Structures are given as C-alpha cells and as structure tokens.
Amino acid sequence: MSLDFSVLLLFQDALVLGLWTTIKLTLICVVLGSSLGFLVGLARTAPSAVVRGIASVYVEFFRGTPVLIQLFWIFFCLPLILGVELSNLASGVIALTLYMGAITSETFRASLKSVGREQMDACIALGLPRHVQVTSVILPQAVLRAVPTLLSNCVSLFKESALVSAVGMADLMFVGQNISNNTARPVEVLTVVALIYFAIAFPLTRAVTLVEGRILKKLAI
Amino acid sequence: MNYTFDFNAVSLRPLIEGLVVTLELTVAANLIGVVLGFPLALLLMSRIVVIRWPATLFVEFFRCTPAIVQIVWFFYCVPMLFNVFLGSMTMGILALGLNLMAFNAEAYRAAIQAVPREQIDAGIALGLNPLQRVVYIVLPNALRASVPVLLTNGIVIFQQSALVAIVAVQDLMYQAKTLATETYRPIETFTIAALIYFAVSFPVAQVVGWLERRRQVLTS
C-alpha cells in the first residue's frame, strides 16, 4: 500500500485545535488534581480515623478501577444523580481531576513520610509552633522530594486524557479518529497522532530523569 | 435527587462473561510481558548501539503514547500495513502484551542495574561465562527485586484492558456499556462493573504492598 502523509496538511488546523484541547484539559487537571492530591495526602496521615478512612477509600477506589469506567461513570451517572447537565469539558475535568488527585496523593504521602522523624524532633526542640513546622520545615522538603514523581504523574495524566475521546470530547485523539474515518487513511493519521503525543510526553519523561538526578544530588549534600 | 435505584435490572451473567474475557486478556498479556520483557531489558542495556537504539525506541514509544492510541493504531493499522488479519481477541492480547512488555522491560532494567556490581565480579572471578552470569546471578536477583513492580504493571494492564472495549472486544467494559444502553440503568451497571474491577485489582495491590514492606524489612 502507498502512504500519503500530505492528507494531514488539510487537517492541520483541526489537529492543532484538538491538541490545544488536550493540553488545556491536562493543565487544568494538573493544577486541580495535585492540589486535591496534596490535601488527600495530608488527610491520609490525619489523626482522625474517619478522615483517614474516607481518604483511603477514595484513593484505593480510583487507583483500583480503570480510568475509562470512571469517566463513563461521571459522564453518564453523575448528571442523573445531581440532576444537572454537565458539559463534556466539565465531566472530563471532574473525572481526570479525581484520577490525578488519587495518584498524586500517593506521591505526596510517600514524600511526607520521607521527611525524617528527627526533623520533627528538631522542630519541637526549637519550640516552633505547629503551623511553622508544617510550612517551613515539612512542606518544602516534602514538595521537593515529590517533584520527580509529580512530573511523571503529569505525563500519566497527559496520556490518560486521550480517554475523553471515548465520551465524545474533541481532543487530539478524537479529532485524529474523525479524520482517519473520513479520509480512510488510518495509518497516516493515527501514526501522526501517536507521534504528536510522543513528541510531548518523551521530553517530559527525560525531564523527570534530569530533575531526579539533580534533586538527588542536592539532597545528598 | 429523585432517582430510584434498581440493581435487579442489571443481570450479572453478561458481566461475568465479560470479566472472563478481561481476565483472559490480562493473563495472556502478562505472559507476553513477563517473559519477553526480560530479553528486551537485556537489549536495552546492550553495549552495541544498533541493538540498544531500536529497543529503546520501542520501549519509549509505548511508554510515551496513550494506551488508547496504541490500541486503536494496532487495530486499524496492523491489518493495513502488514496484511495480516487476526481475530480481535488475538489483536487485543498482542496490543496489550507489547505495551506491558515495554513497561516490564523498564522494571527489569532497573532491577538488573540494582544488582550489586560485586556479585557480577564474583561471577567473573569464578570463571562463569557471560550467559551463566546472566542465568545464575543476574536473573534470580533481578527477578526477585522486580516482582512488586511486575505485579503493579500487571494490575495496570488489567485496568488498561478496558480500552479494548472501544475496538469492540467483548470484555467487561464492553458488556457494561451494552447493558447500560439496553437497560437504561447506567448508574447501576457501571457501578457494578467498577466494583468488579476493584474486587480483582484491590487484593493484588494489597499483596504488592505486603511484598514491598517485607522486602524493606529484609533489606534493612
């Protein structure tokens, strides 16, 4: 068979628009999701068993089920339960934020744990009040240690965002599939779509390795 | 809200049938991933550029593109490019298996690199040839160290297998979608399907946690 990649030039604008939707969705959910994740990570170390229990059930459930089914659930069921119409974008944002919240909460929990016990003891010895302990001692160290994993969580989210195409949101994957169906040239179109995803995710994963090396070096000093 | 739940409207039979398909996909993909991931990891660490590069490209490609793109690509493009027409189940297994192979190769690579240098030196000192060194020293060490990650990747593939529903393989997700439209009961159907997925992956995740804790105690 002969390949003809020039077909794609006709649909340049559509692809760019799709990519923009994907990026927008990813960025919104990175911000909302990691804030949620930080709170949930704190909640999982809370003294109250009820708070801890709720946070654990949330995290385990979202990590234990496919993102696709979460998306379908929020897309089809949430409007029925709440009795309000949700736009495509809103459902996508809710689903991916909850997913991101669950995975980043684990990242934050691990990094909070990695802040040594002796740091807390030093705070007590210095007589620092509780909020200073958290904001000036625990938080900076925990966030610094979480950065590499957080970055790879962002890459995961970017990849998972392609799922919203299954519920009809016009992201890069959805646009790609539409073009491929209309032009009957799936090989060219889908390959280019895959390459676009790759071109964004690959440098990010390299950045994770770089940041990891640098932070490890910094912490070792 | 004024929605009345009716969980009886959802018949479990098709969902169970779907679960069986999902489990078949998962087990077959894991076989491919666990077995072929190891030689791929060795290729990744080869000193010869011509071998290392294609292997790295393969792994990075699977790690840096969405699984849904890979699966759709596989189902549309492989028959067109290579003129092979396989059953949808076989295609699903291959797509998921190759994806898992890439992720497992990374896990093996990390585990292999964590094998202490002295052990390999000891192997050289004992006069083992390179193959023997891999089989008797690197492999057992690396395998044991990589078990938790392999299991985690296995669960991830179990969850990712829901994506084949999009290309009409009749797995749990596909059956749930069909049932939801047939019965007009999306909440009940999707909730039950989600709980089934959860019931399978949660215990495995607990085992992983237990293995990791045990390993920490052993190594410390």
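Reading the values: the criteria
- Once a new chain begins, its residue numbering starts again from 1 and follows that chain's sequence as written.
- Whichever chain is written first becomes A and whichever ligand is written first becomes 1, with later ones labelled in order.
- Per-residue local features of the predicted model are confined to residues with pLDDT of at least 70, and side-chain atom pairs are confined, for both listing and counting, to 80 or more; whole-chain, interface and lining totals are unaffected and use all residues.
- Secondary structure is summarised from DSSP: a helix means a run of H or I of at least four residues, a strand means a run of E of at least two, and numbering begins at the N terminus for each.
- For every residue pair, C-beta atoms are placed from the backbone, and the pair is scored as a contact if these atoms sit within 7 Å.
- Neighbour density around each residue's C-beta defines its exposure: 20 or more other C-beta atoms within 10 Å make it buried, 12 or fewer make it exposed, and counts between make it partly exposed, where C-beta atoms are placed from the backbone.
- UniProt positions are given in the numbering used here, feature names are shortened, and annotations may be inferred rather than shown by experiment.
- Here the term charged refers only to Asp, Glu, Lys and Arg, the term nonpolar to Ala, Val, Leu, Ile, Met, Phe, Trp, Tyr, Cys and Pro, and the term polar to all other amino acids, Gly among them.
- What a helix should span is 1.5 Å times the count of its residues minus one.
- Bend, in this description, refers to the angle at a residue between axes fitted to the seven residues ending there and the seven starting there.
- In this usage, the nonpolar core is the set of buried Ala, Val, Leu, Ile, Met, Phe, Trp, Tyr and Cys residues whose C-beta atoms join them within 7 Å.

J.: Give a detailed account of the overall build of chain B, specifying residues and quantitative values.
T.: When its secondary structure is counted, chain B shows eight helices and zero strands. Ordering the α and β elements of chain B from the N terminus gives α-α-α-α-α-α-α-α. Sequence separation of at least 24 residues holds for 78% of the intrachain contacts in chain B that already meet a minimum separation of 6.

J.: Can you explain the overall build of chain A? Please cite residues and give values.
T.: Across its full length, chain A carries nine helices and zero strands. From first element to last, N terminus to C terminus, chain A shows the α and β order α-α-α-α-α-α-α-α-α. Reported as C-alpha extents along the three principal axes, the dimensions of chain A are approximately 75 × 50 × 25 Å. Among the 221 residues that make up chain A, the fraction classed as buried is 39%.

J.: Explain the UniProt feature "domain: ABC transmembrane type-1" (unreviewed entry) in chain A to me, using residue names and the numbers behind them.
T.: As annotated by UniProt and renumbered to match this structure, "domain: ABC transmembrane type-1" (unreviewed entry) occupies residues 19–208 of chain A. Summarising residues 19–208 of chain A: 84% helix, 0% strand, and an end-to-end C-alpha distance of 22 Å.

J.: Please set out the interface of chain A and chain B residue by residue, giving values where relevant.
T.: Counting residues at the interface gives 35 residues for chain A, matched by 32 residues for chain B. At eleven residues, the largest contribution of residues to the side of chain A that touches chain B is made by helix H9 (residues 186–220) of chain A. The class makeup of the residues in the side of chain A that touches chain B is 25 nonpolar, seven polar and three charged.

J.: Which residues make up the UniProt feature "domain: ABC transmembrane type-1" (unreviewed entry) in chain B, and what values go with them?
T.: Sequence positions flagged by UniProt for "domain: ABC transmembrane type-1" (unreviewed entry) are, in local numbering, residues 19–208 of chain B. As annotated, residues 19–208 of chain B has a helix share of 83% and a strand share of 0%, and its two end C-alpha atoms lie 22 Å apart.

J.: Go over unusual backbone geometry with me, naming the residues and quoting the values.
T.: Not every positive phi belongs to a glycine, and Ala184(A) is a case in point at roughly 55°. Mapped onto the secondary structure, Ala184(A) falls in the loop between helix H8 (172–183) and H9. For Tyr184(B), which is not glycine, the phi dihedral falls at a positive 55°. Mapped onto the fold, Tyr184(B) is located in the loop between helix H7 (172–183) and helix H8 (186–219).

J.: Kindly report on the UniProt feature "transmembrane region" (unreviewed entry) in chain B, identifying the contributing residues and their values.
T.: Under the feature "transmembrane region" (unreviewed entry), the UniProt entry names residues 20–45, 57–76, 82–103, 149–169 and 189–211 of chain B. End-to-end, the C-alpha atoms of residues 189–211 of chain B are 34 Å apart, and along that stretch the chain is 100% helix and 0% strand.

J.: Go over helix H6 (residues 130–160) of chain B, please, and point to the residues and values.
T.: Residue and element names in this part refer to chain B. Taking 1.5 Å per residue as the helical rise, H6 with its 31 residues ought to reach 45 Å, whereas the 37 Å between its terminal C-alpha atoms falls clearly short. In H6, a bend of some 50° at Val-147 exceeds every other bend along the element, and Pro-148, a proline, comes one to four places later. Buried residues of H6: Val-138, Ala-142, Ser-146, Pro-148, Leu-150, Asn-153, Gly-154, Ile-155, Ile-157, Phe-158, Gln-159 and Gln-160, and no others. Along its buried surface, H6 packs onto helix H1 (12–44), helix H3 (67–82), helix H4 (88–113) and H8.

J.: Mind laying out the UniProt feature "transmembrane region" (unreviewed entry) in chain A, listing which residues take part and the relevant values?
T.: Residue and element names in this part refer to chain A. Taking the numbering used here, the UniProt-annotated feature "transmembrane region" (unreviewed entry) corresponds to residues 20–43, 64–83, 89–108 and 192–211. Here residues 64–83 is 85% helix and 0% strand, with 27 Å between the C-alpha atoms at its ends. Secondary structure within residues 192–211 divides into 100% helix and 0% strand; the distance between the first and last C-alpha atoms comes to 29 Å.

J.: Can you explain the nonpolar core? Please cite residues and give values.
T.: One finds Leu68(A), Ile69(A) and Leu71(A) to be the most contacted residues of the largest nonpolar core, which totals 107 residues. If one sorts the elements of this core by residue count, H4(B) sits on top with 13 residues. Once residues within four sequence positions are removed from consideration, Leu68(A) is found in contact with Leu163(A), Ala166(A), Ala162(B), Leu163(B) and Met173(B).

J.: Before we move on, could you go through the environment of Trp73(B) and cite the residues and values that matter?
T.: Residue and element names in this part refer to chain B. Within the secondary structure layout, Trp-73 lies in helix H3. Residue classification places Trp-73 among the buried positions, given that 21 C-beta atoms sit within 10 Å. Taking the C-alpha atoms as reference points, Trp-73 and Arg-215, separated by 142 residues in sequence, lie 39 Å from one another.

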